[in-house]
Amino acid sequence: MSFPPALKIPAVYLRGGTSKGVFFRLEDLPANCRRPGAARDRLLLRVIGSPDPYGKQIDGLGGASSSTSKVVIVSRSARPGHDVDYLFGQVAIDRALVDWSGNCGNLSAAVGPFAIEAGLIDAAALPRDGRATVRIWQANIGKTIVAQVPMQDGQVLERGDFELDGVAFPGAEIELAFLDPGEEGDGASAAAGAGAGGRGASALFPTGRVVDELALPESLVAGGRLRATLINAGIPTVFVDAAALGYTGIEAQDAVNGDAAALRRLEAIRAHAALRMGLIGALDEAASRQHTPKLAFVAPPQSYRASSGRLVEAGDIDLLVRALSMGRLHHAMMGTAAVAIGAAAAIPGTVVCEAAGGAPRALVRFGHPSGTLRVGAEAALVDGQWRVTRAVMSRSARVLMEGVVRVPGDVLAGA
């Protein structure tokens, strides 16, 4: 039996924030994979090593966690005022699913460095030293991200003294500004090929309220009622009180992920919230939209040990947040969820603002399983509606490997 030769596709493996992903230039993909569809998804699933019933992604570049099962496609932008278009895919581990419904805030930090080194930005427009401003169109959600990328001697600078909890080594700081993160995106579903019928939360608060009461089966929560803030900033996110779920807010990753019944319960709550937000039309659609919305539980500050063993003092944080990604508690914090935390903390009456003491904050520092993170947001009440115009946070990024990724040639057979 003969098989076609392996495909060899130029690719770069990068860390961005507390995530890792495989980055491609759009022009380097096979022609039938440069547009949304089954061929593109089959290729990227095989690159990452999914679906893997063993959950390890041994035969691909995935790292067996939601933080390391990611792909990114970048191209020059034809959109005025933007340098590059950035498309993100969250690859499921045990299922044949690439979820295009949202962004990855952590990998957003790596888009600017990748675009510069991949020749997608005119070298004459880049400073030899200092910071290069890269304007990024986030195609999944139709938003603008402005990255400040450090440069030295005409090259992207990766080394520095910026420390990020969840990353073992320091790096150079990359500041990200998410512009109008709560406004309705422009043409996002078509660009990304998003599932769930292209549904998306179109307002900062999709229900028009800063706090909702979710009606749930009593098997999910005592009394069948759960207060929640449903917000669309950075990424659609559902915030609930940790105590209402029986948590303290200082849970370590294994304490939640080792409880299969708890994970099923949390996923069911997420599905009900997604329905209330208008992201899905029926509860069973949540299974094919794992990336959004995110579910997070919050609590007032208290001291705890981070996963590194470091003591996080209650006085050093404004609140505690634990967030789930792709059905499991995240080891640190998703960058897009951090944007949502910053936005919610800046608006009075949200579950997040309440956990942080009740007063709105333009800058908030929260505790997560790996340590702490700071994020800022600018919010204003305009014509009776809350609007977030800007959210800012810092990350670092580093190229881990570059070259070609090899994919069995029969992956695209018949495509």
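Please read these numbers as outputs of a predicted model, since none were measured by experiment.

Q: Is there a simple way to think about the packing of aromatic side chains in this case?
A: How two aromatic rings sit relative to each other is given by the distance of their centres and the angle of their planes. As enumerated under the stated definition, the model contains 2 aromatic pairs in all. Geometrically, the ring pair formed by F23 and F114 is tilted, given 5.4 Å between the ring centres and 50 degrees between the ring planes. Of this pair, F23 sits in strand 2 (residues 19-25) while F114 sits in helix 2 (residues 105-117); the two residues are 91 residues apart in sequence, bridging distant segments of the chain. Centroid distance Y247 to F297: 4.7 Å. Interplanar angle 20 degrees. Geometry classified as stacked. Note that Y247 is positioned in the loop between strand 12 (235-241) and helix 4 (253-257) and F297 in strand 13 (residues 294-299), a separation of 50 residues in sequence. Take Y247 and F297: they sit in the same class, and that class is buried. Across from the ring centre of W137, 3.7 Å away, lies the NZ or CZ of R79, which sits over that ring.

Q: In this structure, what is going on with the pairing of strand 13? I would like to understand it.
A: One face of the sheet, then the other: side chains in a regular strand alternate in exactly this way. Strand 13 sits mainly inside the fold: 6 of its 6 residues count as buried. In this structure, strand 12 lies alongside strand 13, joined through 5 bridges in parallel fashion. Looking across to strand 13, one finds that D241 is bridged to V298. Here 5 bridges tie strand 13 to strand 16 (residues 319-325), and the two strands are oriented antiparallel to one another. Across the sheet, residue L295 finds its bridge partner in strand 16, namely L324.

Q: When you look at the side chain of S67 in this model, what are you seeing that I'm missing?
A: Relative to the helices and strands, S67 resides in the loop between helix 1 (38-48) and strand 3 (70-76). Separated by 3.1 Å, the side chains of S67 and H330 make a polar contact. The residues contacting S67, other than those within four sequence positions of it, are T18, S19, K20, H330 and H331.

Conventions adopted
- Residues numbered from 1 in each chain as written.
- Predicted model: local features only at pLDDT ≥ 70, side-chain atom pairs only at ≥ 80, totals over all residues.
- Heavy atoms only, no water.
- Phe/Tyr/Trp six-rings, centres within 6.5 Å; stacked < 30°, edge-to-face > 60°.
- Helix = DSSP H or I, 4+ residues; strand = E, 2+ residues; numbered from the N terminus.
- Buried < 20%, exposed > 50% of the residue type's maximum accessible area, 1.4 Å probe, protein only.
- Lys NZ or Arg CZ within 6 Å of the ring centre and 35° of its normal.
- Pairing = 2+ DSSP bridges.
- Polar contact = N/O pair within 3.5 Å; in protein donor to acceptor, adjacent residues only side chain to side chain.
- Contact = heavy atoms within 4.5 Å.

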